[in-house]
Amino acid sequence: MSNAEGHPTHLAHHFSTTEQQKDSAKIGMWLFLLTEVLLFGGLFCAYAIFRAWYPDLFHNAHSFLDTGLGATNTVVLITSSLTMALAIRAMQLGNKNATIWNLVATLGLAGTFLVIKYIEYSHKFHLGQLPGKYYTFTGVEGGNPHIFFSIYFMMTGLHGIHVIAGMITIGWMLYRTTKNHFSAEYYTPIEMTGLYWHLVDLIWIFLFPLFYLIG
Amino acid sequence: MSTATATNYLNEAKGWKSWLLTQDHKRIGIMYLAGIFFFFLVGGLLALIIRWELFTPAKDIMEADTYNRFFTLHGAIMIFLFIIPSIPAALGNFVLPLMLGAKDVAFPRLNLASWYLYVIGALFALYSIISGAADTGWTFYTPYSTSTSGSVVAIAVGVFILGFSSIFTGLNFIATIHKLRAPGMTWFKMPLFVWGLYATAIIQVLATPVLGITVVLLILERMVHIGIFDPAMGGDPVLFQHFFWFYSHPAVYIMILPGMGIISEVIATFSHKRIFGYKAIAYSSLGIAFMSFLVWGHHMFVSGQSELASLIFSFLTFFVGIPSGIKVFNWVATMYKGQISLKVPMLYAISFLILFSIGGLTGIFLGAVSVDVHLHDTYFIVAHFHYTMMGGTVIAFLAGLHFWWPKLWGRIYNETWAVVSCLMIFIGFNVTFLSQFIMGAQGMPRRYYTYPEEFQRLHGFSSVGSLILGAGFLIMTIYLLHSIFRGKKVGRNPWQSLTMEWEAESPPITHNFDKDMVLEHGPYDYDIVDAKYTEEGTL
């Protein structure tokens, strides 16, 4: 696929080589991931400060989180990172069908993660373990228990939004794969989506022990 | 070279769609320019109204509540909608690819998306005005910002979106500078404006996300009372200040670093001389970017943070003076024995040297804890940051605007009127803000609607200065607009500058250059190039 001047169609006019275009995309994506780390960084910072202020509260409150569901979700997301990586590998080898099935599996696992998260959230809503002034639960010992749940809902909520954004992007990649936009020579968008998805996974890997496994 | 019928980026495609859907960095730069001029006008009019109110201690034209909303809007608009995008997003967008010999920025679609985010953020800010406006000051300090009846959420959403506009511009520029330099242009053959944009982009990418999460927390605090910043619910209002300044101190370097880049270009060009200490200037930009992340606590000397923290922040603040000083000395050394021509951009550059030195040195006063405790929240602070933000960044922006104006339009403004306006801005600025240093040192607090009689004379003086300043900008608006349509036509390189953007036509064609660019000489090799062209007598 190339135009009259021998410029491949996937190569934008302002780049001279595919290599240059791919390297630019990589730099751009890594910088974007850096901004994501800093976006979450503010919340991790707030977590650290309030955990230092209220160590007993964090310990008591964390026992109301379901470690089994949290651990299941961790496994689900790590598996989805594997299927994402396999999707990229398949396209590197030009295997379109394998890419499609791996992307579908990634989407399915991401959906599973959200369903489990929904079960956890609705249980807490039911008990009144809500953030800030909506907090009505009385079972946690220690002052200001709503602070723990405020931070829990903000961090897992922001993470959940990133999971949804990831699913939209993966869905878009799936569509483009079925439309033959990619080949063994050009698969940069899938690879960039993969980088993003691994970051979403990685953030959860930090969230899980910080909330569910307070010793 | 350029003829009346030649096609260029301005006339190749026609109609509003060809602008609103363009991915050409030059058109996007022009659209940013239109946006920031609009908000500079709004912010400037607000400033004039504030100065009118402060002409006497009594109520002149508005209620105290309205006054609070006006100074908040003046600050928020000038910072988020004017200064931050002014040099990088408007001038940088236009000039950066040209300076690198590239056809566009690395991600043209993302570039257009940044502009749309800017517009959407601006619409939220405008909506906040009609829905009651915020009265918190541009800093949105909790707990006041979570309890006031002002419209904080709308403007906070606006700031969040504008932040992402700024992040995407920075990300785009870093990738562009890494990957799209013309063959032969090594890192140390880049023009210094590119170094300035690079250092700026690093801060935009690293600091702005923290502002993003901070305003999200503020919005949640206001809407659902999550309690993080509320002491009554076990939260910490000072945490907000830490988060806010972790972005907003580096942000002042987002504002000044690209301005310093412009000054390097203008002083070298109009001294027609190799820039003194190229590497020192380049490294000092990165040095400032690095230090900018370590000094935010100097905004919080009276917030109740620990004395040890204040001492460390104070010490680190003094360090920022070193790279800034290096730059100033290098610029002055570049002018020494140069062939200086006092064109309008150079007049602005010299204004910058004077005003920025005053702004920078008074920053050192304020970095000293004991002095700051006395001067905190007085007009001394107001004068200091106007000397750096306006005397520094805005003056540098105007230097760049007048420097690249012929490249933008292929036409040049009326020199006489431009000189008149430049002098009025310089005089008006100093009348407005020098008086505020004196008032501040005497204890006049900032953000107050009224004041004791004894400050009447200096406040009046300051208000008159603001009128001179306003008149200067009015003249500028007229001659710049006039020049777009009627200005004298210019060739590719009216200033005999050696950076690559001057090898493109004025105005450039859509793909920037009529050939594939290769670096033939360094950006400041005036001695070498002059020797080579002596026989022809011209560049």
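Read on for an overview of the structure. Because the structure is predicted, anything quoted here is derived from the model rather than measured.

1. Some thoughts on the overall build of chain B
At step 1: If you tally the helices and strands in chain B, you get 16 helices and two strands.
At step 2: For 539 residues, the compact-globule formula gives about 24 Å, and the C-alpha radius of gyration of chain B, at 23 Å, lands near that figure.
At step 3: Taking the principal axes of its C-alpha atoms as reference, chain B extends roughly 75 × 45 × 45 Å.
At step 4: For chain B, the proportion of its 539 residues judged to be buried stands at 61%.
At step 5: Looking at chain B alone, contacts between residues at least 24 apart form 81% of all its contacts between residues at least 6 apart.
At step 6: A total of about 20,000 Å² of accessible surface is found on chain B, and carbon and sulfur atoms cover 69% of it.
At step 7: Put simply, chain B has 30 plus and 29 minus side-chain charges, and the middle of one group is 9 Å from the middle of the other.

2. Let's talk about the interface of chain A and chain B
At step 1: On the chain B side, the residues contacting the 34 residues of chain A number 35 residues.
At step 2: Regarding the contact of chain A and chain B, the summed buried area is about 2,900 Å², with carbon and sulfur atoms giving 78% of it.
At step 3: By the criterion of area lost to chain B, the three top residues of chain A are His14, Leu38 and Leu39 of chain A, representing 19% of everything that side buries.
At step 4: Along the contact surface separating chain A from chain B lie one salt bridge.
At step 5: Here chain A and chain B share eight residue pairs in polar contact (both at pLDDT 80 or more) between them.
At step 6: If you list the elements that add at least two residues to the side of chain A that touches chain B, you get helix H1 (18-53) and helix H5 (145-178) of chain A.
At step 7: Broken down by element, the residue count for the side of chain A that touches chain B peaks at 19 residues, all from H1 of chain A.
At step 8: Of the residues assigned to the side of chain A that touches chain B, the class counts are 21 nonpolar, 11 polar and two charged.

3. Side note on the packing of helix H2 (residues 55-62) of chain A against H5 of chain A
When two helices pack together, their arrangement is captured by the angle between the axes and the distance separating the axes.
All names here are of chain A.
At step 1: Their axes nearest at 9 Å, the elements H2 and H5 cross at an angle of 65°. Taken together, the axis directions place H2 and H5 in an arrangement best described as roughly perpendicular. When the axes of H2 and H5 are compared, the crossing they make is right-handed. Contacts between H2 and H5 involve Leu57, Phe58, Ala61 and His62 from the first element and Pro145, Phe148, Phe149 and Ile151 from the second.
At step 2: Within the contact of H2 with H5, the residues separate by chemical class into seven nonpolar, one polar and no charged.

4. Structural notes on the side chain of Ser81 of chain A
All names here are of chain A.
At step 1: Summarising the element assignment, Ser81 is placed in helix H3 (residues 67-92).
At step 2: Only 2.9 Å separates the side chain of Ser81 from the side chain of His198, close enough to count as a polar contact.
At step 3: Excluding anything up to four places from it in sequence, Ser81 contacts Trp197, His198 and Asp201.

5. As for empty space enclosed by the protein
All names here are of chain B.
At step 1: Under the criterion given, the structure shown has three cavities of 30 Å³ or more.
At step 2: When its volume is computed, the largest cavity comes out at roughly 130 Å³.
At step 3: Elements with a minimum of two residues in the lining of the largest cavity: helix H3 (64-100), helix H6 (152-179) and helix H7 (192-224).
At step 4: Of the residues belonging to the lining of the largest cavity, the class tally is 10 nonpolar, six polar and no charged.
At step 5: Counted as a void, the second largest cavity has a volume near 70 Å³.
At step 6: Classifying every residue of the lining of the second largest cavity by side-chain character gives eight nonpolar, three polar and three charged.

6. What to know about the packing of aromatic side chains
At step 1: Taken as a whole and judged by the stated rule, the model has 68 aromatic pairs over all chains.
At step 2: Relative to Trp409 of chain B, the ring of Trp405 of chain B has its centre 5.6 Å away and its plane inclined at 55°; by these criteria the two rings are tilted. Of this pair, Trp405 of chain B and Trp409 of chain B are both found in helix H13 (residues 379-409), four residues apart, which corresponds to roughly one turn of the helix. For the pair Trp405 of chain B and Trp409 of chain B, a shared accessibility class is recorded, and that class is buried.
At step 3: Ring-pair connections join several aromatic residues into one group, and the members of that group are Tyr47, Phe58, Tyr121, Phe125, Tyr135, Phe148, Phe149, Tyr152, Phe153 and Phe211 of chain A.
At step 4: Positioned over the ring face of Trp19 of chain B is Arg27 of chain B, at 4.1 Å from the centre of the ring.
At step 5: Residue placement shows Lys279 of chain B over the ring face of Phe188 of chain B; its charged tip is 4.5 Å from the ring centre.

7. Overview of the pattern of salt bridges
All names here are of chain B.
At step 1: Inspection of the entire model under this criterion finds 10 salt bridges over all chains.
At step 2: Measuring nitrogen to oxygen at the nearest pair gives 2.8 Å for the salt bridge that ties Asp514 to Arg492. On the criterion of sequence distance, the pair formed by Asp514 in the loop between strand E2 (488-489) and helix H16 (526-533) and Arg492 in the loop between E2 and H16 is long-range, its members being 22 residues apart.
At step 3: Given the relative accessible area of 48%, Asp514 is considered partly exposed.

8. Some remarks on the side chain of Thr146 of chain B
All names here are of chain B.
At step 1: Structurally, Thr146 can be placed in helix H5 (residues 144-147).
At step 2: Polar side-chain contacts of Thr146 include one of 2.7 Å to the backbone oxygen of Pro143.
At step 3: For Thr146, the contacting residues outside a window of four places in its chain are Leu218, Glu221 and Arg222.

9. Focus on the nonpolar core
At step 1: Counting 235 residues, the largest nonpolar core has Ile151 and Phe211 of chain A together with Phe80, Trp331, Phe352 and Trp404 of chain B as the members making the most contacts within it.
At step 2: With 11 residues, the next largest nonpolar core counts Leu54, Phe71, Tyr379 and Met439 of chain B among its residues.

10. Quick word on H7 of chain B
All names here are of chain B.
At step 1: For H7, built from 33 residues, the straight-helix expectation of 48 Å at 1.5 Å per residue is met to within 8% by its first-to-last C-alpha distance of 47 Å.
At step 2: The largest bend along H7 measures about 30° and falls at Ala207, with the proline Pro209 one to four residues further on.
At step 3: Within H7, 27 of the 33 residues are buried, which leaves the element mostly enclosed by the surrounding structure.
At step 4: Once H7 finishes, His225 follows within two positions and takes phi at roughly 50°, a positive value.

11. With respect to the packing of H3 of chain B against helix H4 (residues 108-130) of chain B
All names here are of chain B.
At step 1: Their axes nearest at 12 Å, the elements H3 and H4 cross at an angle of 165°. Viewed along their axes, H3 and H4 adopt a mutual orientation that is roughly antiparallel. For the pair H3 and H4, the sense of crossing is left-handed. Between H3 and H4, the residues in contact are Leu73, Ile77, Leu81, Pro85 and Asn93 and Asn111, Tyr118, Ala122, Ala125 and Ile129, respectively.

Conventions and cut-offs
- Just so you know, the residues in each chain are numbered from 1, in the order the chain's sequence is written.
- To label them, take the chains in the order written and letter them from A, then take the ligands in the order written and number them from 1.
- Per-residue local features are limited, in this predicted model, to residues with pLDDT of at least 70; the limit for side-chain atom pairs, both in listing and counting, is 80 or more; totals at the level of whole chains, interfaces and linings are taken over all residues.
- Heavy atoms from the whole structure form the basis of all side-chain values; hydrogens and water molecules are not counted.
- For the purposes of this entry, the term helix denotes a DSSP run of H or I that reaches at least four residues, the term strand denotes a run of E that reaches at least two, and both are numbered from the N terminus.
- The size measure is the radius of gyration over C-alpha atoms, and the globule rule it meets is 2.2 Å times the number of residues to the 0.38 power.
- Under the scheme applied here, a residue whose accessible area is under 20% of the maximum for its type counts as buried, over 50% as exposed, and between as partly exposed, the area being computed with a 1.4 Å probe on protein chains only.
- What makes two residues a contact is simply this: any of their non-hydrogen atoms within 4.5 Å.
- Every accessible area reported is derived by Shrake-Rupley at a probe size of 1.4 Å, with residue values counting cover from the shown protein chains alone.
- Under this rule, positive means Lys or Arg and negative means Asp or Glu; His and the chain ends count for nothing.
- Here the site of a charge means atom NZ of a Lys, CZ of an Arg, CG of an Asp or CD of a Glu.
- Computed with a 1.4 Å rolling probe, the buried area is the accessible surface lost when two parts are put together, summed over both parts.
- Throughout this description, the term salt bridge denotes a Lys or Arg side-chain nitrogen within 4 Å of a carboxyl oxygen of Asp or Glu.
- In protein, a polar contact means a hydrogen-donor-capable atom and an acceptor-capable atom, both N or O and within 3.5 Å, with residues adjacent in sequence counting only if both atoms are side-chain atoms; elsewhere, any N or O pair within 3.5 Å suffices.
- Lys, Arg, Asp and Glu make up the charged group, whereas Ala, Val, Leu, Ile, Met, Phe, Trp, Tyr, Cys and Pro make up the nonpolar group; the residues left over, Gly among them, are polar.
- Throughout, an axis means a line fitted to C-alpha atoms (over the contacting stretch in the case of helices), and angles, computed between N-to-C directions, take values from 0 to 180 degrees.
- Angle categories: roughly parallel below 35 degrees, roughly antiparallel above 145, roughly perpendicular from 65 to 115, and oblique for all the rest.
- Crossings are assigned a handedness: left-handed for a near helix turned anticlockwise from the far helix by less than a right angle, right-handed for a clockwise turn.
- A pocket here means an open set of points on a 1 Å grid, computed over the protein atoms alone, that has protein on both sides within 12 Å along at least five of seven lines. A cavity is instead a set of points where a 1.4 Å probe fits but cannot get out; residues with an atom within 4 Å of a point line either one.
- Grid points are joined across faces, edges and corners, and a volume is the space filled by probe spheres set on the points.
- Two aromatic rings from Phe, Tyr or Trp, using only the six-membered ring of Trp, form a pair when their centres are within 6.5 Å; if the ring planes differ by under 30 degrees the pair is stacked, by over 60 it is edge-to-face, and anything between is tilted.
- Charge over a ring is defined by NZ of Lys or CZ of Arg lying within 6 Å of the ring centre and within 35 degrees of the ring normal.
- We call a set of buried residues a nonpolar core when its members are Ala, Val, Leu, Ile, Met, Phe, Trp, Tyr or Cys and they connect through side-chain atoms within 4.5 Å of each other.
- To estimate the expected span of a helix, count its residues, drop one, and scale the result by 1.5 Å.
- Working definition for bend: take the seven residues up to and ending at a residue and the seven starting at it, fit an axis to each, and measure the angle between the axes.

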